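In case you want the letters, here they are:
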Amino acid sequence: SEIENNNIFFRGFFLVFGLMAFLINRSELWGIFFSRYNPSMSELLFGTGPFVLSNHYSEIDIFSKRVSTGTDLGFLLPHSSLLLLVIFTGLIGVISILSWIIFLLYKVKDVDYNLYIVGLFICLNLLKSDSILYFSSFSLYFLFFVLINKKISKK
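The following refers to the structure shown. For clarity, every value in this text was computed on a predicted model and none was experimentally measured.

## Brief notes about the overall build of the protein chain
Okay, step 1: Each helix and strand in the protein chain was counted, giving seven helices and zero strands.
Okay, step 2: Ordered by position from N to C terminus, the α and β elements of the protein chain give α-α-α-α-α-α-α.
Okay, step 3: Within the span of the protein chain, comprising 155 residues, buried residues form 32% of the whole.
Okay, step 4: Counting only contacts in the protein chain whose residues sit at least 6 apart along the sequence, the fraction spanning at least 24 positions is 61%.
Okay, step 5: Summing over all exposed atoms, the protein chain offers an accessible surface of approximately 10,600 Å²; the carbon and sulfur share of this is 67%.

## Remarks on the packing of helix 5 (residues 81–111) against helix 7 (residues 135–154)
Okay, step 1: Two elements in contact, helix 5 and helix 7, have axes whose closest approach is 9 Å; the angle formed by their N-to-C orientations is 50 degrees. Judged on the interaxial angle alone, helix 7 and helix 5 are oblique. Considering how the two elements wind past one another, helix 5 and helix 7 form a crossing that is left-handed. Counting all contacts with helix 5, which are made through Trp100, Ile101, Leu104, Leu105, Lys107, Val108 and Val111, the residues of helix 7 involved are Phe145, Ile148, Asn149, Lys151 and Ile152.

## Description of the nonpolar core
Okay, step 1: Counting residues in hydrophobic clusters, the biggest one holds 26 residues, and the most contacted among them are Trp30, Ile87, Leu105, Val108, Ile122, Phe145 and Ile148.
Okay, step 2: The dominant element in this core, judged by the number of residues it contributes, is helix 5, at 11 residues.

## Remarks on a nonpolar patch on the surface
Okay, step 1: A grouping of Trp100, Phe135, Phe138, Phe142 and Leu143 is seen on the molecular surface, where their side chains present a nonpolar patch of about 560 Å² in accessible area.
Okay, step 2: Broken down by element, the nonpolar patch gets its largest block of residues, four residues, from helix 7.
Okay, step 3: For Leu143, the position within the fold is in helix 7.

## Quick notes on helix 5
Okay, step 1: Taking 1.5 Å per residue, 31 residues should reach 45 Å; helix 5 reaches only 27 Å between its end C-alpha atoms and comes up short.
Okay, step 2: The largest bend along helix 5 measures about 120 degrees and falls at Thr89.

## Quick notes on the layout of surface pockets
Okay, step 1: A volume near 480 Å³ is recorded for the second largest pocket.
Okay, step 2: No other element matches the 11 residues that helix 5 contributes to the lining of the second largest pocket.
Okay, step 3: Tallied by class, the residues present in the lining of the second largest pocket amount to 18 nonpolar, two polar and no charged.

## Here we look at the packing of helix 5 against helix 6 (residues 113–128)
Okay, step 1: The geometry of helix 5 relative to helix 6 is characterised by a closest axis approach of 9 Å and an angle of 165 degrees between their N-to-C directions. If you check the angle between helix 5 and helix 6, you find them roughly antiparallel. Crossing geometry of helix 5 relative to helix 6 is assigned as left-handed. The segment helix 5 lies against helix 6, with Ser81, Leu82, Ile101, Leu105, Val108, Lys109 and Val111 engaging Tyr113, Leu115, Tyr116, Gly119, Leu120, Cys123, Leu126 and Leu127.
Okay, step 2: Its residues placed into classes, the contact of helix 5 with helix 6 shows 12 nonpolar, two polar and one charged.

## Examining the packing of aromatic side chains
Okay, step 1: Within this structure, the stated rule accounts for four aromatic pairs.
Okay, step 2: Their ring planes at 75 degrees and their centres at 5.4 Å tell us that Phe144 and Phe145 sit as a pair that is edge-to-face.
Okay, step 3: A relative accessible area of 14% means that Phe144 is categorised as buried.
Okay, step 4: According to the relative accessible area criterion, Phe145 is buried, its value standing at 3%.
Okay, step 5: Through successive ring pairs, a cluster of aromatic residues spans Trp100, Phe144 and Phe145.

## As for the environment of Leu91
Okay, step 1: Residue position: Leu91 is located in helix 5.
Okay, step 2: For Leu91, a relative accessible area of 34% gives the class partly exposed.
Okay, step 3: For the pair Leu91 and Phe46, spaced 45 residues apart in sequence, the C-alpha to C-alpha distance is 6.5 Å.

Here is what the cut-offs are and how they apply
Residues numbered from 1 in each chain as written. Predicted model: local features only at pLDDT ≥ 70, side-chain atom pairs only at ≥ 80, totals over all residues. Heavy atoms only, no water. Helix = DSSP H or I, 4+ residues; strand = E, 2+ residues; numbered from the N terminus. Buried < 20%, exposed > 50% of the residue type's maximum accessible area, 1.4 Å probe, protein only. Contact = heavy atoms within 4.5 Å. Areas by Shrake-Rupley, 256 points an atom, 1.4 Å probe, with all protein chains shown as cover. Axes fitted to C-alpha atoms, helices over the stretch in contact; angles between N-to-C directions. Parallel < 35°, antiparallel > 145°, perpendicular 65-115°, else oblique. Left-handed = near helix turned anticlockwise from the far one by under 90°. Core = buried A, V, L, I, M, F, W, Y, C linked by side-chain atoms within 4.5 Å. Patch = residues over 30% accessible without salt bridge, like charges linked within 9 Å, V, L, I, M, F, W, Y side chains within 5 Å. Salt bridge = Lys/Arg side-chain N within 4 Å of Asp/Glu carboxyl O. Expected span 1.5 Å × (residues − 1). Bend = angle between axes of the 7 residues up to and from the residue. 1 Å grid on protein atoms, 1.4 Å probe; cavity = no way out; pocket = protein on both sides within 12 Å on 5 of 7 lines; lining within 4 Å. Points joined across faces, edges and corners; volume = space filled by probe spheres on them. Nonpolar A, V, L, I, M, F, W, Y, C, P; charged D, E, K, R; others polar. Phe/Tyr/Trp six-rings, centres within 6.5 Å; stacked < 30°, edge-to-face > 60°.

Structural data, given as structure tokens:
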């Protein structure tokens, strides 16, 4: 709420993130997420595990209906696997996972370009949807990146 008092880096970060959220129709959900996410330093760095969503959604009271249409908001997940990983594993976990995925995609680009394109699609899907919460999607994504790792190690 006091973004005007912060430095230019934070304002720029929120503006770019807000633009991305608007373009993929997640601005309301991601805005509510950022207004509610108030971690301690250890929670920000290391996460809190997957069993804290009830705490996250009970800290701040909000309207139960959308202002523009009057429809119910329902359960307010941020609809982003990346944001859920920030809650569950913290910044250190997210940086580790993203570094591993970027490394794999960089290496597989020269070996099999089709796997590279599918990997990019999966990464974009993880940004936009909360599919990592579902065991079948999580298993598929995890096995896909393990297979990429095996393909790279054979070369």
